[in-house]
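Each chain, letter by letter, is given below.
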Amino acid sequence: MKYIALMISFHLLATVNYGQISLTLEDAVKTAIENNFNIRIAQNNAVIQGVNNTRGNAGMLPDVALNFGQTFNINNTKQELANGEIRQGNGAQSRNLNANVQANWTVFDGMRMFVTKDRLEQIENFGKINLQLQIENTISDVMSTYYAIEHQMRRIETIHQAIGISRDRLALAKLKKEAGTGSGIPVLQAEVDINADSSNLINQEMVLKNLKINLNRLMATDADNDFKVMATQDISVPNIQDIVIMANQRNKQLMLSEKNIEISKLTIKQWQTNQYPTLDINLGYNFTRMNAEIGLIKFNQNAGINYGLTGRWNIFNGWNNKREIQVAKLNLETEKLNKENLSAQLEADIYTLYNEYVNAQLISGQEDKNISVAQQTLDITNERMRFGTINDLELRQAQLNVTEAQFRKIQASYTAKIAMLALNRLAGGLSPN
């Protein structure tokens, strides 16, 4: 299979060394497409629907059957003929051999066979689109999980930085205590902060491990397979009107809805064909042989062909066919309404996700400023702490301001990527070529 060059080209991958085997986003997507169980199941279903799409399954080809059998009889027989003759025997044997080849071909059924063939074509196409949809969903799950792992690793890195600052505070507090210029309270407070940050680190590492397990599941690899992800850059978004146009043309849910409409139309035609007669051509070859020890006929053999036409016209069946046509038309109207509803929901989702993307980009830019200001404040506060002009609580607050600003920046970047990913999925941008 060819893979999604469109989405992967949006990402520039850079190596971040965390000590495990490197796993790029492209490799994760490729592995999932090859191994994912849901994709493989959808592939089998698509193949089944393709196998079912035959002229024979549509009823266009004749049925040919070979029938044969032989019967043995052992009877106690007594026969009295019209002339008074009596024929009698115990354990009299007789044999009957019969064989025939019968062919039946429906040559006219109100065009039902042709409608059925068209319906099988639509069902096969439905299976192909459903497979593409499953691939899209899997790619989306892989990419969103990959982004989540990167997000957690950046949070863990930020926590490590906070723990480092707290350890510097602890070392400084211990030095002041030993020099007699400080008390034991700043030491205890620094230890409490280190413990709090360490607990947060443990929780984040657990989240990271679980995300890796989920990504391994999507790739159908061992759950304990460890790896490092590659840092991905923020991605730009196309014009929203272009996204709407692409979604109306390539969204797989819309395409499936359109196929459901076509199948519903053909279902109506199938029921309408029942209003016409059917005509079958019959052709056969028969062979029979009988042997009997007692009876009027001791040997009889026949062989020959038979042929003919068989017709049937259902004139009245309690208006059931009319009812089925009415139900099929209502189902068609329902499918059309479903498509309209899906189209409206799709457009609403696109605008909502676009707003989330723009908002996340704005927040990300604002948090860059906040991080710069908070870092300057932390540097000044840290310097003043060394000279004893402020207490450790003020330093802790300055430290938290930096950490929280970094967390908000990381979250905004992650939100923007997830929104962009969802937009591309809705626009059909994750489909294989």
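Definitions and cut-offs
- Each chain has its residues counted from 1, following the order in which its sequence is written.
- Confidence filtering applies because this is a predicted model: local features only for residues at pLDDT of at least 70, side-chain atom pairs given and counted only at 80 or more, and all residues used for totals across whole chains, interfaces and linings.
- Excluding hydrogens and water, the side-chain figures rest on all heavy atoms present in the structure.
- Secondary structure elements follow DSSP: runs of H or I of four or more residues count as helices, runs of E of two or more count as strands, with numbering from the N terminus.
- To sort residues, take the accessible area from a 1.4 Å probe on protein chains only and compare it with the maximum for the residue type: under 20% means buried, over 50% means exposed, and anything in between is partly exposed.
- In this description, contact between two residues means that some pair of their heavy atoms is separated by no more than 4.5 Å.
- Accessibility throughout is a Shrake-Rupley quantity obtained with a 1.4 Å probe, and a residue counts as covered only by protein chains that appear here.
- Positive charge is attributed to Lys and Arg, negative charge to Asp and Glu, and no charge count is given to His or to the chain ends.
- Charged groups are reduced to one reference atom each: NZ for lysine, CZ for arginine, CG for aspartic acid, CD for glutamic acid.
- When DSSP finds two or more bridges between a pair of strands, those strands are recorded as paired.
- A residue's pLDDT is the predictor's confidence in that residue, given on a scale from 0 to 100.
- Think of a patch as exposed residues, more than 30% relative accessible area, with no salt bridge, where like charges cluster within 9 Å and nonpolar side chains (Val, Leu, Ile, Met, Phe, Trp, Tyr) cluster within 5 Å.
- Salt bridges are counted wherever a side-chain nitrogen of Lys or Arg sits within 4 Å of a carboxyl oxygen of Asp or Glu.
- Two rings belonging to Phe, Tyr or Trp (six-membered ring only in the last case) form a pair when the distance between their centres is within 6.5 Å. Interplanar angles under 30 degrees mark stacking, angles over 60 mark edge-to-face geometry, and anything in between is tilted.
- Throughout this description, the term charge over a ring refers to an Arg CZ or Lys NZ atom that lies within 6 Å of the ring centre and within 35 degrees of the ring normal.
- Regarding the arc, it is the one traced by the directions from the helix axis to the C-beta atoms.
- Axis lines are fitted to C-alpha atoms, over the contacting stretch for helices. Their N-to-C directions set the angle, which ranges from 0 to 180 degrees.
- A 3.5 Å cut-off defines polar contacts: any pair of N or O atoms within that distance qualifies, except that in protein one atom must be a possible hydrogen donor and the other a possible acceptor, and neighbouring residues in sequence count only when both atoms are side-chain atoms.
- The scheme is simple: roughly parallel for angles under 35 degrees, roughly antiparallel for over 145, roughly perpendicular for 65 to 115, oblique for anything else.
- Crossing handedness: left-handed means the near helix sits turned counterclockwise from the far one by under a right angle, and right-handed means the same turn made clockwise.
- Three classes are used: nonpolar for Ala, Val, Leu, Ile, Met, Phe, Trp, Tyr, Cys and Pro, charged for Asp, Glu, Lys and Arg, and polar for all others, with Gly counted as polar.

## Remarks on the overall build of the protein chain
What the protein chain contains, in helices and strands, is 9 helices and 8 strands. Seen through its C-alpha atoms, the protein chain measures out along the principal axes to roughly 145 × 55 × 40 Å. Per-residue burial over the protein chain gives 36% buried out of 433 residues. Of the contacts formed within the protein chain by residues at least 6 apart in sequence, a portion of 82% connects residues at least 24 apart. Here the protein chain displays about 24,800 Å² of accessible surface, and carbon together with sulfur accounts for 53% of that area. Both charge centroids of the protein chain, one from 43 positive and one from 43 negative side chains, sit 7 Å from each other.

## Quick look at the pairing of strand β7 (residues 278–292)
Bridge count between strand β4 (residues 86–108) and β7: 14 bridges; the pairing is antiparallel. Within β7, the position partnered with Ala99 by the bridge is Phe287. Examined bridge by bridge, β7 and strand β8 (residues 299–312) share 14 bridges and lie antiparallel to one another. By the bridge assignment for β8, Thr288 is matched with Asn302.

## A word on the environment of Asn338
When you line up the elements, Asn338 lands in helix α8 (residues 320–387). Placed 78 residues apart in sequence, Asn338 and Asn260 show a C-alpha to C-alpha distance of 9.7 Å.

## Structural notes on the confidence of the model for the protein chain
Per-residue pLDDT for the protein chain averages 87, and the proportion of residues at 70 or more is 92%. Confidence drops under pLDDT 50 across residues 1–19; counting only partners more than four residues distant or on other chains, this segment forms 53 contacts.

## Overview of a nonpolar patch on the surface
Together, Trp105, Val107, Phe108, Met111, Phe114, Tyr276, Leu279, Ile281 and Leu309 line one region of the surface with nonpolar side chains, adding up to about 840 Å² of accessible area. Looking at the nonpolar patch, the elements that each hand over two or more residues are β4 and β7. Of all the elements, β4 adds the most residues to the nonpolar patch, at 3 residues. Here Leu309 is to be found in strand β8.

## What about the pattern of salt bridges?
This model, assessed by the stated rule, comprises 12 salt bridges. Residue Lys409 is joined to Asp368 by a salt bridge in which the shortest nitrogen-to-oxygen separation is 3.2 Å. Of this pair, Lys409 sits in helix α9 (residues 392–426) while Asp368 sits in helix α8; the two residues are 41 residues apart in sequence, bridging distant segments of the chain. The exposure class assigned to Lys409 is buried, which follows from its relative accessible area of 15%. Under the relative-accessibility criterion, Asp368 is labelled partly exposed at 39%. One network of salt bridges, with partners in common, ties together Asp193, Asp197 and Arg396.

## Some points on the packing of aromatic side chains
For the structure on display, the rule yields 1 aromatic pair. Look at Phe316 and Trp319: their rings are 4.9 Å apart centre to centre, the planes differ by 90 degrees, and that puts the pair in the edge-to-face class. The exposure class assigned to Trp319 is exposed, which follows from its relative accessible area of 58%. A cation sits over an aromatic face here: Arg155 above Phe407, 4.1 Å from the ring centre.

## Re helix α2 (residues 25–35)
Regarding α2, the residues found buried are Leu25, Ala28, Val29, Ala32 and Ile33. The buried residues of α2 occupy an angular sector of 130 degrees when projected down its axis, which confines them to one face.

## Considerations on the environment of Glu124
When you line up the elements, Glu124 lands in helix α4 (residues 112–179). Here the alpha-carbon distance between Glu124 and Lys259, two residues 135 residues apart in the chain, equals 10 Å. In contact with Glu124, not counting residues within four places along its chain, are Gln49, Gly50 and Asn53.

## A closer look at the sheet that holds strand β3 (residues 63–80)
Paired through their backbone hydrogen bonds, the strands of a sheet run either parallel or antiparallel. With antiparallel pairing, the 4 strands of this open sheet are ordered in space as β3-β4-β7-β8. The open sheet has two edge strands, β3 and β8, and neither has a second partner. Here the average twist between neighbouring strands, direction ignored, is 15 degrees.

## Quick notes on unusual backbone geometry
A positive phi angle, near 70 degrees, is found at Met111, a position not held by glycine. Tracing the backbone shows Met111 in the loop between β4 and α4. Not every positive phi belongs to a glycine, and Ala220 is a case in point at roughly 60 degrees. Of note, Ala220 is situated in the loop between α5 (185–219) and β5 (228–229). Taking relative accessible area as the criterion, Ala220 reaches 27% and is therefore assigned partly exposed.

## Side note on the side chain of Thr273
Position of Thr273 among the secondary structure elements: in the loop between α7 (252–272) and β7. Of the polar contacts made by the side chain of Thr273, one reaches the side chain of Arg112; its length is 3.4 Å. Here Gln270 takes part through its backbone oxygen, which lies 2.5 Å from a polar atom of the side chain of Thr273.

## A look at helix α6 (residues 240–250)
All of the buried residues in α6 are Ile240, Ile243, Val244 and Ala247. Each buried residue of α6 sits inside an arc of 100 degrees when the element is viewed along its axis, so together they form one side.

## A few points about the packing of α4 against α7
α7 packs onto α4 with a crossing angle of 165 degrees between their chain directions and a minimal axis gap of 9 Å. With respect to each other, α4 and α7 are oriented roughly antiparallel. In this structure, α4 crosses over α7, and the sense of that crossing is left-handed. Of the residues in the contact of α4 with α7, the class split is 10 nonpolar, 9 polar and 8 charged.

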